[in-house]
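Okay, here's what each chain looks like letter by letter:
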Amino acid sequence: MIYLKSESEIEKLREAAQLVSRTLAEVAKKINPGVQTGTLDRIAEDFIKKNNSRPAFKGYGSKQNPFPASLCISINEEVVHGIPGKRELKEGDIVSVDCGVEKDGYFGDHAYTFVVGECDDKTKKLLKSTLESLYKGIDKAVHGNKIGDIGSAIQKHNEAEGFGVVRDLVGHGIGKNMHEDPSVPNFGKPGKGERLRSGMTLAIEPMITEGTWKVKTLSDGWTIVTADGSRAAHFEHDVVVREGKSEILSTFDYIAEITKNEILETHYG
């Protein structure tokens, strides 16, 4: 069931989204070769709790296999849901960090893909295309359009660059629950799917690969990797559907103050 948010609810969602944005910036400060992913997770959890909020990912899922951390940290061929631990970052890694918080009963959830040191031109192209496609999708999140307009914009941009668009994982609505209707695929046909209405709040999140769009889940029950071992990138924003132009509740500006990679400094929208 889809429900439209009031302006007071949107402000609550903005506060939650901005806390995620600031948490990702705290993590960005420590993304260097030799740093363990578990260290990044502890930094995020401490920061979220100091801001009187709850890490939304920790304990999420089934009782049999709840997610054990506050961040999803996915490296190279890992697309999403990587579990932080003792793994150390290496020069040239690309690291997708996905963060969720619950603040005053409302959720924020977005992601950013970082570079550890320097990376090759092929990887830079992947990151640039994924980031550009996020904003192309956001541009379509306006009243009167359809869900398919968002996915089509993301799909066409990345496939034109020769990249794979993951089908098995999608964006989603967000509000008093971290995952709400509607689903927001990163592929689709213009004019198809649920009609967008002002006040809908969405988490739009292209997950793009250097190779196949097909993915598989590892034995931990969480980590999703590309089926062919190719690298993947993931960017995500929380967005409000509006008349004429959508509104982004989250921001990458805090990260941009810290991260000096030329590809990821580029701003769109």
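Residues numbered from 1 in each chain as written. Predicted model: local features only at pLDDT ≥ 70, side-chain atom pairs only at ≥ 80, totals over all residues. Heavy atoms only, no water.

Student: What exactly am I supposed to notice about the state of the cysteines here?
Tutor: In protein structure, a disulfide is the covalent linkage between the sulfur atoms of two cysteines. Counted according to the given criterion, the structure contains zero disulfides. Between C99, a free cysteine, and C72, which holds the nearest cysteine sulfur, the sulfur-to-sulfur gap is 9.2 Å. (Disulfide = S-S within 2.5 Å.)

Student: Looking at this structure, I do not really get helix α2 (residues 37-50). What am I missing?
Tutor: Between its first and last C-alpha, α2 extends 20 Å over 14 residues, near the 20 Å set by a 1.5 Å rise per residue. Burial in α2 covers these residues: T37, G38, L40, D41, A44, E45, F47 and I48. In this structure, the buried residues of α2 make contact with α1 (7-28), β1 (54-55), β2 (71-75) and β4 (94-103). Positive phi appears at N52, one or two residues downstream of α2, with a value of about 55°. (Helix = DSSP H or I, 4+ residues; strand = E, 2+ residues; numbered from the N terminus. Expected span 1.5 Å × (residues − 1). Buried < 20%, exposed > 50% of the residue type's maximum accessible area, 1.4 Å probe, protein only. Contact = heavy atoms within 4.5 Å.)

Student: Before we go on, may I ask you to explain the environment of V20 in this structure?
Tutor: Relative to the helices and strands, V20 is located in helix α1. Using a relative accessible area of 0% as the deciding quantity, one classes V20 as buried. Sequence-wise, V20 and K103 are 83 residues apart; in three dimensions their C-alpha atoms are separated by 10.0 Å. The contact partners of V20, leaving out residues within four places of it in the chain, are C99, G100, V101, G108, D109 and H110.

Student: I keep staring at the pattern of salt bridges and nothing clicks. Help me out?
Tutor: Pairing between side chains of opposite charge can happen when the charged atoms of each approach one another. Counted according to the given criterion, the structure contains 14 salt bridges. Close ionic contact of E7 with R242 constitutes a salt bridge, the shortest N to O distance being 2.7 Å. Here R242 lies in the loop between β14 (237-240) and β15 (247-248) and E7 lies in helix α1, a separation of 235 residues in the sequence. For K29, the salt bridge goes to E26, with nearest N and O atoms at 3.0 Å. Overall, K29 belongs to the partly exposed group, its relative accessible area being 46%. Through salt bridges with shared partners, a single ionic network connects E7, E11, R14, R242 and E247. (Salt bridge = Lys/Arg side-chain N within 4 Å of Asp/Glu carboxyl O.)

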